[in-house]
Amino acid sequence: MRKSSKKKNQLFHWLLLLPTLLFLGVFLVAPLIFLIVLSFRDVDSMLTVLSTYSFSHYIEVFSSKIYVKTIISTIWMALITTLLCLVLAYPAAYLLVRAPNRKLRALFYIMLVSPLLTSVVIRTFAWIVLLAQNGLINEILIKLNIIGEPLSLLWNMRAVIIAYVQVMLPFAVLPIATSLSDLNPNLRNASMSLGAGRIQSFFKVTLPLTIPGMITGAIIVFSLAAGSYITPLLVGGRMQPILPLSIYQQVMQVFNLPLAAAMSISLLVIVFIFVGILGLVLKRWETRMHG
Amino acid sequence: MSKIKIDQVSRHFDENVALAEVNLEVQEGEFFSLLGPSGCGKSTLLNIIAGFLEPTSGSVYIGGNDVTGLPAYRRNLGMVFQNYALFPHLTVFENVAYGLKIKKLSRNEIKERVTEALSLVQLSSFAERRPHQLSGGQQQRVAIARAIAIQPSVLLLDEPLSNLDAKLRKEMQFELRNIQQRVGITTILVTHDQEEALSLSDRIGILGKGHLQQVGSPLEVYRRPANRFVAEFIGQVNLIKAKKSVSQSEAPEGKVLYEAEEFEAAKNRPLQLEVEAESDSETLFMLRPERIHISFIPLERTVNNAKVQLKEISYIGNALRLNVELGSRELTIHTPDPVFNELPKPGDAFYIYWNSEDIIPLEAGE
């Protein structure tokens with residue numbers, strides 16, 4: 001009897017999952033398979049998709065100087081964004097966890113996630129208003145006589161990274177905050193009772209014990225930063241050497257769909273490799289601490 | 001000179017008074033327990049001594065120096081926490097070495113001291129393990145080794161045994177006392193477990209409602225509790241309110257007679273108490289359940305005895321616990337097992353008596 005009720009229970013669980021599974025199957029897995037297949041299709045000189053298969057697009061992606069440079073700068077940009085996010089997120093997370101009362105904490109959380117509540121386009125245009133040649137920052141700096149000529153703040157990689165950091169900060173803050181609030185406050189007291197000052201206690205106890213939160217944040221920020229194209233398109237311009245932009249160009253302007261597919265799959269694999277490495281580090285650290 | 005001196009220390013949390021003008025001195029090498037129910041302020045006091053909390057007013061002296069404004073990391077105190085608080089990312093060795101590395105001792109010295117501390121708690125072979133690979137009792141020992149390794153001037157224990165099961169707790173109590181004796185370190189233990197405090201301590205301070213109710217040896221606080229709070233908190237107790245008798249002519253030399261009107265000993269006659277010393281005309285007396293004796297034949301005395309009726313009885317192996325009715329009130333009696341061949345039944349009547357030195361006056365108030 002127990003066994004059959006257990007089975008029924010399992011069936012019920014699957015039923016609950018079914019709509020989600022169907023949705024993901026139709027709109028994620030199937031397109032992905034289609035994309036993989038497409039990436040191996042040959043094209044003729046008019047870029048018409050042929051029925052033969054080869055590795056030619058992958059060879060092109062990884063042998064062309066421009067594409068390799070693009071891949072490297074994409075990874076580099078995502079890494080810098082991740083690093084900046086972690087550095088900026090940590091103090092914010094600390095403040096969030098140490099908020100003196102619940103009301104204040106709720107307010108901090110709302111402030112934190114508010115950038116996520118505006119659309120990408122609006123948010124990015126706000127950056128254009130701020131950073132443009134005749135934008136707010138340049139105007140103020142000129143008015144204050146700090147600079148004579150307007151700085152070119154927009155249409156470069158720096159602008160992309162600044163905009164990214166702003167959008168992705170909450171994704172880094174939240175896991176770090178969770179990690180921090182899980183920390184037993186007596187660990188810090190224990191460290192202090194053993195003679196370590198506040199700063200020493202932070203670097204020897206608090207920081208190492210919140211590595212899991214930082215890695216989780218890094219995984220989210222890195223994959224988002226490596227994969228989005230609207231923000232770099234709008235604040236960086238379409239000439240920035242960023243893989244998602246190259247993919248966009250291949251699809252919308254060159255119409256070489258198989259090459260675009262090969263680039264997409266390459267990007268996906270690269271992100272997976274980074275996430276996989278970070279995941280392994282996370283797992284090793286957690287087994288070390290909790291078995 | 002005392003090792004620790006708490007001078008008029010108060011601590012308020014917003015409107016709430018957690019500690020009110022506590023004065024306390026702990027001697028060098030002493031094992032001192034702060035005992036009290038939860039919320040009595042004992043942890044607050046320990047945290048003030050440790051430096052994790054600042055007193056609202058008053059001062060703390062350690063070894064004659066005023067440390068009131070000194071942060072925890074400058075006080076050189078060893079502390080053991082209730083949930084052990086071992087560093088999960090470090091091995092047992094690294095945990096114990098933590099404080100020594102902060103002190104920037106040489107590698108050899110660190111190794112020597114960690115080895116010594118671990119052998120003191122009998123965990124030498126566990127040096128390379130991580131905290132999660134140890135049992136609760138072992139983690140507790142590592143925490144003790146870690147605190148002792150820095151050779152602190154005082155060892156502070158915050159409910160260190162309350163997370164362990166009963167049997168292990170007994171073992172660790174014994175071991176804790178043993179370690180403390182061998183190292184000879186001044187120790188303050190915070191606990192809500194009276195048995196733990198009684199069996200471990202040289203002296204006990206009982207805290208209740210933010211006040212230090214009594215300080216004394218285990219014997220003193222059990223036998224001569226200062227007030228009702230202490231009497232009721234430590235062990236079980238029968239409380240008897242009595243008035244001084246009008247006529248003291250029948251009282252033997254050096255004894256005083258009291259009458260407890262609430263307890264009717266025999267038809268319209270209040271319970272007569274004969275006590276050792278005179279106190280207020282109306283006094284609350286305490287009588288421990290194990291100080292009451294039982295007799296099945298009537299007694300040839302007029303004081304400190306009564307005829308009672310059994311209400312409840314529970315047999316707990318080495319002893320009997322009896323609830324008896326005396327008039328409209330009840331008394332609790334503990335008596336060793338072999339008194340009866342057959343257990344009395346509820347409703348049975350018998351006689352109880354006690355000695356005048358076992359009826360202890362309690363101070364009024366709290």
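About the cut-offs
- In this convention, every chain numbers its residues from 1, walking through the sequence in written order.
- Chain labels run from A onward and ligand labels from 1 onward, assigned in the order the entries are written.
- Only residues with pLDDT of at least 70 get local features here, since the model is predicted, and only at 80 or more are side-chain atom pairs given and counted; chain-wide, interface and lining totals rely on the full set of residues.
- To get the side-chain values, take all heavy atoms of the structure and skip hydrogens and water.
- Like-charged residues within 9 Å of one another, or nonpolar side chains (Val, Leu, Ile, Met, Phe, Trp, Tyr) within 5 Å, are grouped into patches, provided each residue has over 30% relative accessible area and no salt bridge.
- In these tables, accessible area is a Shrake-Rupley quantity obtained with a 1.4 Å probe, and a residue counts as shielded only by the protein chains included in the view.
- Each salt bridge in this description consists of a side-chain nitrogen of Lys or Arg and a carboxyl oxygen of Asp or Glu lying within 4 Å of one another.
- Secondary structure elements are taken from DSSP: a helix is a run of H or I of four residues or more, a strand is a run of E of two residues or more, and numbering for both begins at the N terminus.
- Summary of the burial criterion: residues with accessible area below 20% of their type's maximum are buried, those above 50% are exposed, and those between are partly exposed, where the area comes from a 1.4 Å probe applied to protein chains only.
- In short, DSSP must find at least two bridges between two strands for them to pair.
- To get an axis, fit a line to the C-alpha atoms, keeping to the stretch in contact for a helix; angles then go from 0 to 180 degrees between the N-to-C directions.
- The contact criterion used is simple: two residues touch if any of their non-hydrogen atoms lie within 4.5 Å.
- What counts as buried area is the accessible surface, traced by a 1.4 Å probe, that two parts surrender upon association, with contributions from both included.
- Throughout this description, a polar contact denotes any pair of N or O atoms lying within 3.5 Å of each other; where both atoms belong to protein, one of them has to be capable of donating a hydrogen while the other can accept it, and for residues adjacent in sequence the pair is counted only when both atoms sit in side chains.
- Charged means Asp, Glu, Lys or Arg here, nonpolar means Ala, Val, Leu, Ile, Met, Phe, Trp, Tyr, Cys or Pro, and polar covers whatever is left, Gly included.

A word on a nonpolar patch on the surface. All names here are of chain A. Taken together, Phe-23, Leu-24, Val-26, Phe-27, Leu-28, Val-29, Ile-33, Val-37 and Tyr-53 make up a surface patch of nonpolar side chains, about 890 Å² in accessible area. Top contributing element to the nonpolar patch by residue count: helix α1 (residues 2-39), with eight residues. Looking at the secondary structure, you find Leu-24 in helix α1. Overall, Leu-24 belongs to the partly exposed group, its relative accessible area being 39%.

Opposite charge on two side chains permits pairing when their charged atoms draw close. Residue and element names in this part refer to chain B. All told, the structure shown has 13 salt bridges over all chains when counted by the stated rule. Asp-358 is the salt-bridge partner of Arg-291, the closest N and O atoms lying 3.8 Å from each other. One end of the pair, Arg-291, is in the loop between β14 (282-287) and β15 (293-295); the other, Asp-358, is in the loop between β19 (349-353) and β20 (359-362), and 67 residues separate them in sequence. With relative accessibility at 11%, the residue Asp-358 sits in the buried group.

Quick look at the sheet that holds strand β9 (residues 203-208) of chain B now. Residues and elements named next belong to chain B. Strand order across the open sheet formed by six strands is β6-β7-β8-β3-β9-β10, with mixed pairing between neighbours. The open sheet terminates on both sides in strands that have one partner only, identified here as β6 (77-80) and β10 (211-216). Across this sheet, the average inter-strand angle for adjacent strands is 15°, counted without regard to direction. Note: β6 against strand β7 (residues 154-158), four bridges, orientation parallel. Looking at β7, one finds that Val-80 is bridged to Leu-157. On the sheet, helix α4 (residues 136-149) packs against β6 and β7 and is oriented at approximately 170° with respect to β6.

Moving on to the sheet that holds strand β17 (residues 319-326) of chain B. Residues and elements named next belong to chain B. Here five strands make up an open sheet; going across it, the order is β15-β19-β16-β17-β18 and the pairing antiparallel. Edge strands, defined here as strands with exactly one partner in the open sheet, are β15 and β18 (329-336). Between one strand axis and the next, the sheet turns through 45° on average, direction left out of account.

Another point: the interface of chain A and chain B. Taken together, the contact between chain A and chain B spans 25 residues of the former and 20 residues of the latter. Carbon and sulfur atoms make up 63% of the surface buried where chain A meets chain B, a total of about 2,100 Å² over both sides. If you sort the residues of chain A by the area they bury against chain B, Ser193(A), Leu194(A) and Arg288(A) come out on top, with a joint share of 31%. Across the contact surface, chain A and chain B share zero salt bridges. There are six residue pairs in polar contact (both at pLDDT 80 or more) connecting chain A and chain B. Every element with two or more residues in the side of chain A that touches chain B is listed here: α8 (185-193), α9 (198-209) and α13 (257-290) of chain A. Taken together, the residues of the side of chain A that touches chain B break down into 10 nonpolar, 12 polar and three charged.

A word on unusual backbone geometry. Even without glycine at this site, Phe255(A) takes up a positive phi of about 65°. Within the secondary structure, Phe255(A) is located in the loop between α12 (243-254) and α13. Owing to a relative accessible area of 55%, Phe255(A) belongs among the exposed residues under this scheme. Phi is positive for Gln151(B), which is not a glycine, with a value near 50°.

What follows deals with the pairing of strand β4 (residues 57-62) of chain B. All names here are of chain B. Across five bridges, the pairing between strand β1 (residues 4-13) and β4 is antiparallel. In the strand pairing of β4, Ile-4 is matched with Ile-62. Relative to strand β5 (residues 65-66), β4 runs antiparallel, the two sharing two bridges. Directly across from Ile-62, in β5, lies its bridge partner Asn-65. Where β4 folds back on β5, the antiparallel hairpin that results is connected by two residues, among which Gly-63 adopts a positive phi of roughly 60°.

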